[in-house]
Amino acid sequence: MFHRKFGVLTSLALGLSTLSVAAPALTSNVAYAEDGPPAPPVLDKDVQITPAKDVYPDIALAKKQVEEAFATAARTKRKVLIDFGGNWCPDCRMLAGIFEQPEVAQWLESQFVVVPVNVGRIDKNLDIAKQYGVTIHEVPTVLIVTPGRTLLNADGANTLGNARAMSTQAVLDLLDKWNRRG
């Protein structure tokens, strides 16, 4: 079992190699920018990302886990990354597979408290996103929120809905761009 070190949740089993797609490999440790938060790892182009399985916990746990994430973020001076999705969703599992790469997980841990929120069949826990003015039409939908509950990526919360078609580096660069806003 792989344990997420994002302060709130533990993901379950890895797997599902049938959806494995080419994605960049990690080639360096986290680089530190002089004028802001650490940059994400720089990636190579030759490793397979395996989509994660069973990342999104029971629907009933979402509100409590989001509140715990904000409490942790306030204590640790990190932002909250709320990952809305479902275990049935190939793009959600691909995004979670990217997040589980060791160097990516290390960078995410340094910047965010990551909390996966199960939205069922896009009919549960949608009120959590609505609090930030976001309507979920597709998953994954990712919100980057300050500990003071300011949404930093209102203009792109649904951008990762096509995560399977994005390179791992493009995903990280997008998260980094949003992270630098706050």
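Residues numbered from 1 in each chain as written. Predicted model: local features only at pLDDT ≥ 70, side-chain atom pairs only at ≥ 80, totals over all residues. Heavy atoms only, no water.

Any chance you could explain the overall build of the protein chain here in plain terms?
Check the secondary structure of the protein chain and you find 5 helices and 5 strands. The secondary structure elements of the protein chain, listed N-terminal to C-terminal, are β-β-α-β-α-α-β-α-β-α. The proportion of buried residues among the 182 residues of the protein chain is 52%. A sequence separation of at least 24 residues applies to 69% of the contacts in the protein chain between residues at least 6 apart. About 8,200 Å² of surface is accessible on the protein chain, with carbon and sulfur atoms providing 52% of the total. (Helix = DSSP H or I, 4+ residues; strand = E, 2+ residues; numbered from the N terminus. Buried < 20%, exposed > 50% of the residue type's maximum accessible area, 1.4 Å probe, protein only. Contact = heavy atoms within 4.5 Å. Areas by Shrake-Rupley, 256 points an atom, 1.4 Å probe, with all protein chains shown as cover.)

Just to check I follow, could you spell out the nonpolar core for this structure?
If you look at soluble globular proteins, the nonpolar side chains tend to sit buried side by side. Ranked by size, the top nonpolar core spans 28 residues in total, and within it Ile82, Phe84 and Leu143 carry the most contacts. At 5 residues, the largest contribution of residues to this core is made by helix H1 (residues 62–76). Those residues within four positions of Ile82 in sequence are excluded, and the remaining contacts are Val66, Phe70, Val115, Val117, Tyr132, Thr141, Val142, Leu143 and Val145. Core analysis: the next-biggest nonpolar cluster, separate from the first, contains 21 residues, Leu95, Val142, Leu152 and Trp178 among them. (Core = buried A, V, L, I, M, F, W, Y, C linked by side-chain atoms within 4.5 Å.)

Please explain unusual backbone geometry as it appears in this structure.
The general pattern is negative phi for most residues beyond glycine and trans for most peptide bonds. For the peptide bond that leads from Val139 to Pro140, omega is 0 degrees, which places it in the cis range. Turning to its location among the elements, Pro140 is positioned in the loop between helix H4 (126–130) and strand E5 (141–145). With phi around 60 degrees, Ile122 is a residue other than glycine that occupies positive phi space. Of note, Ile122 is situated in the loop between strand E4 (112–118) and H4.

Just to check I follow, could you spell out the pairing of E4 for this structure?
Two faces belong to every sheet, and in a regular strand the side chains alternate between them. Within E4, 7 of the 7 residues are buried, leaving the element largely enclosed by the surrounding structure. Pairing of strand E3 (residues 79–85) with E4 involves 7 bridges; the strand directions are parallel. In the sheet register, Asp83 faces E4, and the bridge partner there is Pro116. (Pairing = 2+ DSSP bridges.)

What is the right way to look at the environment of Leu95 in this model?
Among the structural elements, Leu95 can be located in helix H2 (residues 90–99). Each C-alpha atom, one on Leu95 and one on Thr50, is 9.6 Å from the other, the two residues being 45 residues apart in sequence. Apart from residues no more than four positions distant in its own chain, Leu95 is found in contact with Asp83, Pro140, Val142, Leu160, Ala163 and Val171.

Where do I start with H1 in this structure?
Every α-helix carries 3.6 residues per turn, so stepping three or four residues along brings you back to the same face. Relative to the 21 Å expected for 15 residues at 1.5 Å per residue, H1 spans 21 Å between its end C-alpha atoms, a close match to the ideal helical length. Those residues of H1 lying buried are Ala62, Gln65, Val66, Ala69, Phe70, Thr72 and Ala73. In a view along the axis of H1, the buried residues occupy a sector of 165 degrees, so they form one face of it. Exposed residues lying more than 90 degrees from the buried face of H1 are Lys64 and Arg75. Packed against the buried residues of H1 are E3, E4, H4 and E5. At the C-terminal side of H1, Lys77 shows a positive phi close to 60 degrees. (Expected span 1.5 Å × (residues − 1). Arc of directions from axis to C-beta.)

What is the right way to read the sheet that holds E5 from this model?
Hydrogen bonds between backbone atoms are what pair the strands of a sheet, whose relative direction is either parallel or antiparallel. Read across the sheet, 3 strands follow the order E4-E3-E5 without closing on themselves; strand pairing throughout is mixed. One side of each edge strand has no neighbouring strand; the edge strands of this open sheet are E4 and E5. Pairwise comparison of adjacent strand axes, ignoring direction, gives a mean angle of 20 degrees for this sheet. Bridge count between E3 and E5: 5 bridges; the pairing is antiparallel. Bridge pairing links Val80 to Val145 in E5. H2 rests against E3, E4 and E5 of the sheet, and its axis sits at about 145 degrees to E3. (Axes fitted to C-alpha atoms, helices over the stretch in contact; angles between N-to-C directions.)

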